[in-house]
Amino acid sequence: MSGPVRWGIIGAGTIAKAFVHGVSEVDEAEVVAVASRSVEKAKDFTADNGLPDAAGYGSYDAMLADDNVEAVYVTLPHPMHARTSITVAQAGKHVLCEKPAALNHPEAIALLQAVDEAGVFYMEAFKDRCHPQTAKLVKLLHKKVIGEVRMIDVSFGFGGGDSIDPAGRLFDPALGGGGILDVGCYAVEYARLVAGAAVGRPFLDPVGVTGAAHLGETGVDEWAAATLKFETGAVAQVATAVRANLKNACRIVGAYGTITVPDPWLNRRDGAEPGQILVTKNGETETIHVPPTRSGFGHEVAAACAAIRDGKREADAPAMTHADTLGQATTLDGWRRAIKLVYPAETPAGFPTPLNGRPAAPLPDAPMTYGHVPGLDRPVSKFIMGCDNQPNFPHAAVMFDDWVQRGGNTFDTAFIYAGGRIEQLLGQWVRSRGVRDDVNLIVKGAHTPHCTPEGITKQLLISLDRLQADHADIYIMHRDNPGVPVGEFVDVLHEHAEAGRITVFGGSNWGVERFAAANEYAAANGKRTFALMSNNFSLARMVNPVWAGCVAATVPATRDYLIEHQVPNFAWSSQARGYFVSRSGEGNDVWKEGDAWDAPDNRLRRERAFELAERKGVTAINIAAAYVLSQPFPSFALIGPRQLRETATSLPALGLTLTEDEMAYLDLRDAGNPV
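Conventions adopted
Residues numbered from 1 in each chain as written. Predicted model: local features only at pLDDT ≥ 70, side-chain atom pairs only at ≥ 80, totals over all residues. Heavy atoms only, no water. Helix = DSSP H or I, 4+ residues; strand = E, 2+ residues; numbered from the N terminus. Rg over C-alpha atoms; globule rule 2.2 N^0.38 Å. Buried < 20%, exposed > 50% of the residue type's maximum accessible area, 1.4 Å probe, protein only. Contact = heavy atoms within 4.5 Å. Lys, Arg positive; Asp, Glu negative; His and termini not counted. Charge placed at Lys NZ, Arg CZ, Asp CG, Glu CD. Pairing = 2+ DSSP bridges. Axes fitted to C-alpha atoms, helices over the stretch in contact; angles between N-to-C directions. Polar contact = N/O pair within 3.5 Å; in protein donor to acceptor, adjacent residues only side chain to side chain. Phe/Tyr/Trp six-rings, centres within 6.5 Å; stacked < 30°, edge-to-face > 60°. Right-handed = clockwise from strand over helix to strand, strands pointing away. Expected span 1.5 Å × (residues − 1).

A count of helices and strands for the protein gives 19 helices and 24 strands. Against the globule reference of 26 Å for 675 residues, the protein gives a C-alpha radius of gyration of 28 Å, in line with a compact fold. Expressed as lengths along the three principal axes of its C-alpha atoms, the size of the protein is roughly 85 × 55 × 50 Å. Here the protein holds 675 residues, and 58% of them are scored as buried. Counted over contacts in the protein with a minimum sequence separation of 6, partners at least 24 positions apart contribute 73%. Distance between charge centres in the protein, computed from 62 positive and 79 negative side chains, equals 3 Å.

Backbone-to-backbone hydrogen bonds join strands into a sheet, with any given pair of strands oriented parallel or antiparallel. Ordered by their spatial adjacency, six strands build an open sheet running 3-2-1-4-5-6, and the pairing between neighbours is parallel. Looking at strand neighbours, the two that pair on one side only are strand 3 (55-57) and strand 6 (122-125), the edges of this open sheet. The mean inter-strand angle of the sheet, taken between neighbouring strand axes irrespective of direction, is 25°. The pairing of strand 4 (residues 71-74) with strand 5 (residues 94-98) spans four bridges and is parallel. The residue bridging A71 from the neighbouring strand is H94, located in strand 5. Contacts between helix 1 (residues 14-24) and the sheet are confined to strand 1 (5-10), strand 2 (29-35), strand 4 and strand 5, with strand 2 contributing the most and set at about 155° to the helix.

Within the secondary structure layout, H131 lies in the loop between strand 6 and helix 6 (132-142). On the accessibility criterion, H131 (4% relative accessible area) is buried. In terms of polar contacts, H131 uses its side chain to reach the backbone amide nitrogen of Q133, at 3.0 Å. Beyond its immediate chain neighbours, meaning those up to four positions away, H131 contacts L266, E273, G296 and H299.

Another aspect to go through is the pairing of strand 24 (residues 635-639). Within a regular strand, side chains alternate between the sheet's two faces. In terms of burial, strand 24 is largely enclosed, as five of its five residues are buried. Residues S635, A637 and I639 of strand 24 are buried on one face, and the alternating residues F636 and L638, pointing to the opposite face, are buried as well. In the sheet, strand 17 (residues 383-386) pairs with strand 24 via three bridges, with the strands oriented parallel. Within strand 24, the position partnered with F383 by the bridge is A637.

A few words now on the packing of aromatic side chains. The tally for this structure, following the rule as stated, stands at 21 aromatic pairs. Note on F400 and F411: the rings are 5.3 Å apart at their centroids and 75° apart in plane angle, and the pair reads as edge-to-face. Taken together, the residues F400 in helix 10 (residues 393-405) and F411 in strand 18 (residues 410-414) connect sequence positions 11 residues apart. Here F411 and W429 contribute two aromatic rings whose centre-to-centre distance is 5.3 Å and whose plane-to-plane angle is 50°, an arrangement assigned as tilted.

Note that K444 resides in strand 19 (residues 440-445). Exposure remark for K444: the relative accessible area of 4% places this residue in the buried category. Only 3.3 Å separates the side chain of K444 from the side chain of Y417, close enough to count as a polar contact. Apart from residues lying up to four places away in sequence, K444 is in contact with D412, T413, A414, F415, Y417, I476 and H478.

Pairing is mixed across the open sheet formed by eight strands, whose spatial order is 8-9-10-7-11-12-13-14. The outermost strands of the open sheet, each flanked by one partner alone, are strand 8 (208-215) and strand 14 (284-290). Within this sheet the neighbouring strands show an average axis-to-axis angle of 10°, counted without direction. Across five bridges, strand 7 (residues 149-157) lies against strand 11 (residues 250-254) in antiparallel orientation. Across the sheet, the residue bridging to M151 is V253, located in strand 11. On top of the sheet, helix 9 (residues 322-339) reaches strand 8, strand 9 (221-229) and strand 10 (235-241); it is set at about 55° to strand 8, its chief contact.

The buried fraction of strand 20 (residues 472-477) is high, at six of six residues. Taken together, the four bridges between strand 19 and strand 20 define a ladder with parallel strand orientation. Residue pairing across strands places V443 opposite Y475, the latter belonging to strand 20. Between the parallel elements strand 19 and strand 20, the chain passes through helix 12 (residues 453-467) in a crossover that is right-handed. Taken together, the five bridges between strand 20 and strand 21 (residues 502-508) define a ladder with parallel strand orientation. Residue pairing for strand 21: Y475 is matched across the bridge by F505. Following the backbone out of strand 20, through helix 13 (residues 486-498) and into the adjacent parallel strand 21, one traces a crossover that is right-handed.

In this section: helix 5 (residues 105-118). In this model, helix 5 (14 residues) spans 20 Å end to end at C-alpha, consistent with the 20 Å of a helix rising 1.5 Å per residue. Across the 14 residues of helix 5, 11 count as buried, placing the element largely inside the fold. For helix 5, every residue scored as buried is listed here: H105, P106, E107, A108, I109, A110, L111, L112, Q113, A114 and V115. Elements that come into contact with the buried residues of helix 5 comprise helix 4 (81-90), strand 6, helix 9, helix 10 and helix 18 (644-650). At the C-terminal side of helix 5, G119 shows a positive phi close to 70°.

This is the structure we're talking about:
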């Protein structure tokens, strides 16, 4: 498209007014609509800010339905940023959202996944990143004018006095109040920018974050400080406040001098503001002036409009890129974690629905396929969500919401994962979304050294309590104990199944001889049989056990048994823990010589997976997953995505059909090329 970018604004507050002024400085932009909580307020805003031709809307959805609006500036309180940005992206509009992009990192990954799938532009609105002063600072750091950067000191704080407004946005936890998210985020993004520019990168994320704060009567941080440690050895001290006036400047200490930026953020809202950088070396200070051209908002609007008209999904650094936004959110989370500040919107009660506004149920275009486990009425998704890496409820909710919307209905967890925390998070999510009757919960217990009949009972009851559930749809013994007769295990599992605490059960890391013996005992004694196995199965042969006691189902005897008896296998490490990500096998410790996967035969399998992936227009990971799912026995693949992108990029495997010749080529049963 050509002509000025046509902007709509969501929220009619003071910062929206500053944005309007910024647009007035940019020929390539115009404001065509404003949406507020009432049409009267929206129209008052357009009248008060010289926007006679701009439409005023009393709802955000109404404005998003306006085809004349191309891009939207979001100015709402922090907890609404991610949700609203996702809604805007789903409407096909480009997004410029006030900082912070999201309340936390999980919200940020959901937001950027939605933006990516919608194919629209998105930028987090740190206007200082678009100002010529920042570009000049980056050039100075690239030139290493003060040598190696060793210390960064940056602060942003305001306010004071004895009185506060508990219901105001700065102090209300429900509005994401406190200094860290409001202005401490500026100090953090600036420190990350400086640390990165010092080594020629757009930004650098800290490898360690420690912090302290004063939490006021409403529970939010009224003043706070943090130390950021970077991999380069640089250390940043950042500070923020909403009840204390700070220096609001940045000082960078290098090996041979210092750089001081007296006003990093240039917050004037009604006109151009000159920049200034002081470089001190050998006792002499050089003042570098950056002439004014536009206000900070004007530069931000210009950067966004240029990217949008160039068809880009993100602006060029030093403006905030998507990766920068994710790193920023992670760092802010680390600071708040250090001071133990959790917002209501990050709890199960405060986060009851998916961020994208859609139900926690399969979407019409959900790609999932399903299989059947004998004895279980509900189908089982061919991909199973491995629940072992979710650090908190927001992350669990974002991942699990996306999973069920893509059609996933089965979740695998275990008694030992994170000391029970994972089972608790899964149970909280199931209850908050009201989906217990729609999902399959896998409970794993009796891991060594508690692999006994007594251990099964004790851990099962605790697991169900953590999950807030009265039964496990699928119970899997995490290990076998050859010192216990198989009949004793069958007896206790049958007892729990008869009592309704288990629907079906199986064994993980069981040898085929013990597995067959257990079912022979069950059949002979009128007991329920093991309905499934859960052993490692992947295109890459498990060379060495990943953990002690691990057993693979790829050995011929086990595979033959699964085929003959059509026993379902829930394959863990189904994609060999990333072995098929890189063709060369470099850049990841799991590929080093002598680990669980690396061996000459596996390298050949990997090379063939890449060859076949190129022919089919998919990834080698997809080929490896399709290999597992295409076995001549009921085969399901456990995957453990930590990011939504990992989920999305795994699912194309569901649409792949591998021929027998292709399967034989991949697993080296046939040395010839199938194509």
